[in-house]
Structure formats: C-alpha cells, structure tokens
Amino acid sequence: LFMRKSSGMSEDEIAKKLKLSRSEYLSIESGDEKISQNDLIHLADIYKRPLIAFYSVDTSQTTELPHDYRLNRDKKISSEVFLAKRKALYLAEELREITGRKTTLPEINTNVSAIVLANKVRSLLEIDFETLTDIVESKDKQETILSYYKSLIEEKFFIPVLEHPLKSNGVRAFSVFGEVSVMVLNESDSNEVRLFSLFHEFCHLLKRQDGICTVDFEKDKDNQPEEKYCDEFAAFLLLPEQQLRSVVKGFPITTLKQLGEVSKRFGVSKSVAIIQMKAFGIINQSQYRQLKSKLESVQSKGFGRRNWEQTYIKRTSRLVLSHLIDSYKRGDLTYTSLSTITGIKDKYLQKFI
C-alpha cells in the first residue's frame, strides 16, 4: 500500500499495468490473496524498487518526508522523490546490517551563527584547500571537488551520499536522519548545485533532523530561519573569507570569465560566489548588480553524454557499494543478492567486482 501511494499511482492504474481487475488487485494489496512471482517481479519494475524490498523492508514504519515551505505548497512531493527516499532508506539499512556500524555525527553546538558552525565543521573535516587546487588543475574528469567532499563526509561520519534523478521542480536534495543517516542529491543538477545541496543537507543532519533543499539561496527573501541558516552554513563552509580573498587577491572581478575562475577554485556556482564576495565586502553593491545582470543574461548549457558506470556508483554511493562488494567477496552475499540490492546492470556490476 505504501509503495503504491508513494509512487503517486492509483489502484486502477496498478491493476491495469498488472492486467488484473481492480478487485483482484485490491485483494492482493490487502493481503487476502497472494501475488504470483511474475506479478511481483512486474510490480517491482513498476515501482522501480529492488525485488528484495518487498520482503525485507517494513514500510509501515516509514515516515513521510517533512513538508517544506518551498515545495509547490499545495501539491504532494513527486513520486520520484518518494522512490529515491525508499531506495536511500533501503540501502542505508543494508549498510547497517552488513557493517554493524552507525552514523557518527559530531556532538557539536548548532545554536551558534552559521559562520561559527561552518568554521567548526571545516576544521572537523580537515579540508585541504591545496587539494582543491590540485583537483581543479587535474585532467581526471572523475576527480571533482564534489567527489572530494562526498568522500570526506562518507569516510568521517559514515553517511552514504546518493545521487538520484529526482525530476522535481521543487526538490534539489533531501536528507533523512537515522541510525545510518543518508543524503540524496539530484543527479540532474550541475556539480556546483549538488555541492551546495550536500552541505545544506549536512547542516540539517548536524541539527539531528530530516531536510529538503531547493537551493534558492537568494530568491527566498522570506525563508524559514532554519532553511536560511542551512544555506548560509553551506556558503560559509565552501567559501571561507580568508581563502576567498586569497584567490581574488584584491583584483576587481568585472567579467564572467574572472568570476568563473574564482568559483571554479571552490567548486561552487558563480551566483554563490558573487553573493559571498558581496557579503565579505570584496565587491560592492554596484559591482554585484552588474555581475548578477551578466549572469542572468547567459543561458545554462546542457549536459553531455552520460557515463553509466559512474552513474551507478553515484546512485548507490561509493560507501554502500564498497561494503556490499566486500561482503560479496567474503561470501556473505550471493551475486544475485548483490545485483538485487544495488539494482546495477550485470555488465557494470561485473566491472565493479
């Protein structure tokens, strides 16, 4: 029942897809009749869930994602977001069972200013800005500032970071706080947007709460304080004043090319870069308006061809995938179970193991 509701489909739609009458389907959904194995496999495909989820996940205990004031206020969260949440929870539970480990968020006071919290977390993460420079100058397209930060969070705090096609006009990312907390980013977003989403959601987890991010850093003038705080935390962490001034070196930033060089050094968008430069007094209000106007006149470019090998890694997260493969190599998981849990196509899974 939960799976159907979270998919956004009606009883009649599911019955039609299974080629059953409405009454036959309702008998199955209520548990009065057993579903055939073929229909169960078909249902798993319809809901885009691993088959094992129908046996091992207690959906009755699953809470809905919290309402967010920026999400199409009178509409439901999209079915893609619910599906992404279900997969995230499922993989997080598998990770907990395999490793016996839990997320270890730092005991840190979050009742401080966003900049103070950002400075504390930056110290905990031991962020090396020289490493960021090396990444920017590297020719390895898979090594990005986003992947660097994701690895830090996964390794230090045992928080899987997944990417998924959320396909929602309202949601950029979300996080679920739990024994194994998990974050999900929108794989359709640029690296810069995903990076900002990552730390917006990490701020929610530091506060021991679920969260949803839309990354409207400036447009939401009447932001709820909690969301505005998480936005500021992400910006201050990614663009600390000392490092930002060091990159700018006092030179006036007047062109998009110059702005791009600055934003590239930190892996953030040009919009976030100019907002922070204005906040720190590196550019004045007039310079800010001019750069903002230039940005708004430039259309964003589309994305290139998809690398499916990397896509599957990101949809499962390196943290979860590495532990699942280790479990398979120890003989604790069969290849079929590994394939079912990850949902990765055979030709790619073979490469990973």
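What this report covers is the structure whose coordinates are included nearby.

Cut-off values and rules
- Residues numbered from 1 in each chain as written.
- Predicted model: local features only at pLDDT ≥ 70, side-chain atom pairs only at ≥ 80, totals over all residues.
- Heavy atoms only, no water.
- Helix = DSSP H or I, 4+ residues; strand = E, 2+ residues; numbered from the N terminus.
- Buried < 20%, exposed > 50% of the residue type's maximum accessible area, 1.4 Å probe, protein only.
- Contact = heavy atoms within 4.5 Å.
- Areas by Shrake-Rupley, 256 points an atom, 1.4 Å probe, with all protein chains shown as cover.
- Phe/Tyr/Trp six-rings, centres within 6.5 Å; stacked < 30°, edge-to-face > 60°.
- Lys NZ or Arg CZ within 6 Å of the ring centre and 35° of its normal.
- Pairing = 2+ DSSP bridges.
- Axes fitted to C-alpha atoms, helices over the stretch in contact; angles between N-to-C directions.
- Parallel < 35°, antiparallel > 145°, perpendicular 65-115°, else oblique.
- Left-handed = near helix turned anticlockwise from the far one by under 90°.
- Nonpolar A, V, L, I, M, F, W, Y, C, P; charged D, E, K, R; others polar.
- Core = buried A, V, L, I, M, F, W, Y, C linked by side-chain atoms within 4.5 Å.
- Salt bridge = Lys/Arg side-chain N within 4 Å of Asp/Glu carboxyl O.
- Disulfide = S-S within 2.5 Å.

**Quick notes on the overall build of the protein chain**
So, point 1. Counting its secondary structure elements, the protein chain contains 19 helices and 4 strands.
So, point 2. Classification of the 353 residues of the protein chain by burial places 48% in the buried group.
So, point 3. Taking as baseline every contact in the protein chain between residues at least 6 positions apart, the subset at least 24 positions apart corresponds to 64%.
So, point 4. Of the roughly 18600 Å² that the protein chain leaves accessible, carbon and sulfur atoms contribute 46%.

**Regarding the packing of aromatic side chains**
So, point 1. For the coordinates displayed, the defined rule picks out 9 aromatic pairs.
So, point 2. Between F129 and F266 the ring centres are 6.3 Å apart and the planes differ by 70 degrees, which places this aromatic pair in the edge-to-face class. One end of the pair, F129, is in helix α8 (residues 129–137); the other, F266, is in helix α13 (residues 256–266), with 137 residues separating them in the sequence. Assigned by exposure class, F129 and F266 land together as buried.
So, point 3. Site record: aromatic cluster; members linked through ring pairs are Y148, Y149, F157, F199 and F202.
So, point 4. Between K207 and the ring centre of Y229, over which it is positioned, the NZ or CZ distance is 4.3 Å.

**A closer look at the sheet that holds strand β1 (residues 161–164)**
So, point 1. If you walk across this open sheet you meet the 4 strands as β1-β3-β2-β4, and the pairing is mixed. What marks the edges here is a single partner per strand, and that holds for β1 and β4 (211–213). Ignoring strand direction, the axes of neighbouring strands in this sheet form an average angle of 15 degrees.
So, point 2. As judged from the 3 bridges shared by strand β2 (residues 173–176) and β4, these two strands associate in the antiparallel manner. Opposite S175, over in β4, you have G211 as the bridge partner.
So, point 3. Set on the sheet, helix α9 (residues 145–157) makes contact with β1 and β3 (182–186); between it and β1 the angle comes to about 135 degrees.

**Examining the environment of A235**
So, point 1. In this structure, A235 sits in helix α11 (residues 225–238).
So, point 2. A relative accessible area of 1% means that A235 is categorised as buried.
So, point 3. Linking A235 and V268, residues 33 residues apart in sequence, is a C-alpha distance of 8.8 Å.

**Concerning the packing of helix α12 (residues 241–248) against α13**
So, point 1. Closest axis-to-axis distance for the α12/α13 pair is 10 Å, and the angle between their directions is 140 degrees. On the basis of their axis angle, the class for α12 and α13 is oblique. Crossing of α12 against α13: the hand is right-handed. Seen from α12, the contacting residues are Q243, L244, V247 and V248; seen from α13, they are V262, R265 and F266.
So, point 2. Looking at the contact of α12 with α13 residue by residue, the class counts come to 5 nonpolar, 1 polar and 1 charged.

**A word on unusual backbone geometry**
So, point 1. Within the chain, E126 stands out as a residue other than glycine whose phi angle is a positive 55 degrees.
So, point 2. Summarising the element assignment, E126 is placed in the loop between α7 (114–125) and α8.
So, point 3. Judged by relative accessible area, E126 falls into the exposed class, the value being 58%.
So, point 4. Look at F158: it is not a glycine, yet its phi comes out positive at around 55 degrees.

**Notes on the nonpolar core**
So, point 1. In this structure, Y149, F199, F202 and F233 are the most contacted members of the largest nonpolar core, which totals 60 residues.
So, point 2. Leaving out residues up to four positions away in the same chain, F202 has contacts with L105, V121, I153, F157, I159, M183 and F233.
So, point 3. If you look at the next biggest cluster of nonpolar residues, it comprises 31 residues, including V81, F158, V171 and V320.

**Details of the pattern of salt bridges**
So, point 1. In this structure the tally under the stated criterion is 16 salt bridges.
So, point 2. With a closest N to O distance of 2.5 Å, R22 and E11 form a salt bridge. On the criterion of sequence distance, the pair formed by R22 in helix α3 (residues 22–30) and E11 in helix α2 (residues 11–18) is long-range, its members being 11 residues apart.
So, point 3. Taking the relative accessible area as the measure of exposure, R22 reaches 43% and is therefore partly exposed.
So, point 4. Between E179 and R96 there is a salt bridge whose closest N-O contact spans 3.5 Å. One end of the pair, E179, is in the loop between β2 and β3; the other, R96, is in helix α6 (residues 79–99), with 83 residues separating them in the sequence.

**Quick notes on the side chain of T110**
So, point 1. As for its placement among the helices and strands, T110 is situated in the loop between α6 and α7.
So, point 2. Using a relative accessible area of 14% as the deciding quantity, one classes T110 as buried.
So, point 3. With near-sequence residues (within four places) excluded, T110 lies in contact with L117, L206, K207 and Y229.

**Observations concerning the state of the cysteines**
So, point 1. For the structure shown, the criterion picks out 0 disulfides.
So, point 2. As a non-bridged cysteine, C203 has C230 as the owner of its nearest cysteine sulfur, 3.4 Å distant.
So, point 3. Classification of C230 by relative accessible area gives buried; the value is 0%.

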